[in-house]
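Remarks on the overall topology
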Amino acid sequence: MKALKCRECGTEYPLEATHVCEFDFGPLEVAYDYDRIKKSLTKEALAGRPQTMWRYRELLPVASNPTVGTEVGYTPLIKADRLAKRLGIRELWIKNDAVNYPTLSFKDRVVSVALSRSKELGFDVVACASTGNLANSVAANAAAAGLKAYVLIPHDLEQGKVINSLVYDANVISIKGHYDDVNKLCAEIAGKFGWGFVNVNMRPYYAEGSKSMGFEIAEQLGWKAPQHTVIPMASGSLLTKIHKSYQEFEKLGLIDPSEKRQIHGAQATGCNPIAAAEKAGLDFFKPVKPDTIAKSLAIGTPADGFYALKVMKETGGHSDDVSDDEIREGIRLLAECEGIFAETAGGVTVGVAKKLIESGKIPANDSAVLCITGNGLKTIDAVHGHVGETREIKPSLREFEALLEAEKKVATA
């Protein structure tokens, strides 16, 4: 790390717990000394490092060795031939953060960075505003690190995600309102109490953790970035940081800069401010009130929406959105074809990829990576009643054979 730097005017700030430029209110992000990094972060050096996100430590914003979430990341990149055939594309890969450690979502990446840096800066209380997965990760990683945690969530969050925060003895505060209301309150609390809010005053460090997903994709593909990457969008930060990860690997000479790569964004129709703007050809978005089963993506005023639109435009990428029924269909497609049970955000990613392939925006002869960011066990309510039912029989071989016979008749009817 060299400094925090305003993404708008370029003004640099010390590496402290701050996130907004005092001159133009632009967001701050971490700047690095790439010449220095290039000397130590090589393919040869990486070959001998542990298979976690921290193998790329030089490109992650901690001053010394990480102290929280040292086993996070390096999740599987699955070649999804059966799903590729169903979607009509030559080659398809699934980056599966549904099995990320410890809380089964990509948020473990950003929290590992944010809490490691928070400890370096002397915080003993950490907190967040969350649509669910971040709350789970902050609660779990804070517990493991011996930090006190406060997580603030919308009142209508999936019960599975609420329990997955409470179990770690975190202080879980339910707010009567949408995520944007929660986020505004958290900004006020961070200013008054001086806690380490991972996605407020610690946001410049926190957001950098998302890059590790892109680093892993490029390395797991044999040191090349994919032609197409489809990424779910809530705030839009993950999309911008995966793009940044490819750019950083280019600067370090780890991947070929001449290869064309397009970044695509996926949203739910019930909360699609970025997708709607991209489809309309706009470089700004209009805030919306979320109404979707994809609650982890339900951010009506996305903090990085402007930058996500910029990335898609610069890379020739596209965006689309899917209805609740299409989200469920996407979840089922991924589960039936590849044995991966994704949460609603995964259904959004698969559903949007299907639309982009059908429309030719992702050509059928190309290769794509779909980013799956969370586990389906967290959002069971969203698919309950939509994935079939059990069939009950007595403990009788005759009844079992009758069941099979009935299935044959239905199949041949």
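Residues numbered from 1 in each chain as written. Predicted model: local features only at pLDDT ≥ 70, side-chain atom pairs only at ≥ 80, totals over all residues. Heavy atoms only, no water.

1. As for the overall build of the chain
If you tally the helices and strands in the chain, you get 16 helices and 13 strands. Relative to its length of 413 residues, the chain is compact, with a C-alpha radius of gyration of 22 Å against a globular reference of 22 Å. With the C-alpha coordinates of the chain rotated into their principal frame, the extents come out at 75 × 50 × 45 Å. Each of the 413 residues in the chain was classed as buried or not, and the buried ones make up 56%. Charge centroids of the chain, computed over 50 positive and 53 negative side chains, lie 2 Å from each other. (Helix = DSSP H or I, 4+ residues; strand = E, 2+ residues; numbered from the N terminus. Rg over C-alpha atoms; globule rule 2.2 N^0.38 Å. Buried < 20%, exposed > 50% of the residue type's maximum accessible area, 1.4 Å probe, protein only. Lys, Arg positive; Asp, Glu negative; His and termini not counted. Charge placed at Lys NZ, Arg CZ, Asp CG, Glu CD.)

2. Focus on helix 14 (residues 344-358)
Taking 1.5 Å of rise per residue, the 15 residues of helix 14 would be expected to cover 21 Å, and the 21 Å separating its terminal C-alpha atoms lies within 8% of that figure. Counting buried positions along helix 14 yields 12 of 15 residues, so the element is predominantly enclosed. Those residues of helix 14 lying buried are Thr-344, Ala-345, Gly-346, Gly-347, Val-348, Thr-349, Val-350, Gly-351, Val-352, Ala-353, Leu-356 and Ile-357. Directly beyond the C-terminal end of helix 14, a positive phi value near 85° is found at Gly-360. (Expected span 1.5 Å × (residues − 1).)

3. Topic: the sheet that holds strand 10 (residues 228-232)
Strand order in the open sheet made by the 6 strands is 4-5-13-10-11-12, with mixed pairing throughout. Of all strands in the sheet, those with a lone pairing partner are strand 4 (77-79) and strand 12 (319-322), marking the two edges. Taken pair by pair, the neighbouring strands of this sheet meet at an average axis angle of 25°, ignoring direction. Where strand 4 and strand 5 (residues 91-96) come together, 3 bridges link them in antiparallel fashion. By the bridge assignment, Lys-79 is partnered in strand 5 with Trp-93. Relative to strand 5, helix 9 (residues 211-220) is tilted by about 135°, and along the sheet it contacts strand 4, strand 5 and strand 13 (367-372). Against the sheet, helix 10 (residues 237-251) touches strand 10, strand 11 (262-268) and strand 13, its axis set at about 150° to strand 10. (Pairing = 2+ DSSP bridges. Axes fitted to C-alpha atoms, helices over the stretch in contact; angles between N-to-C directions. Contact = heavy atoms within 4.5 Å.)

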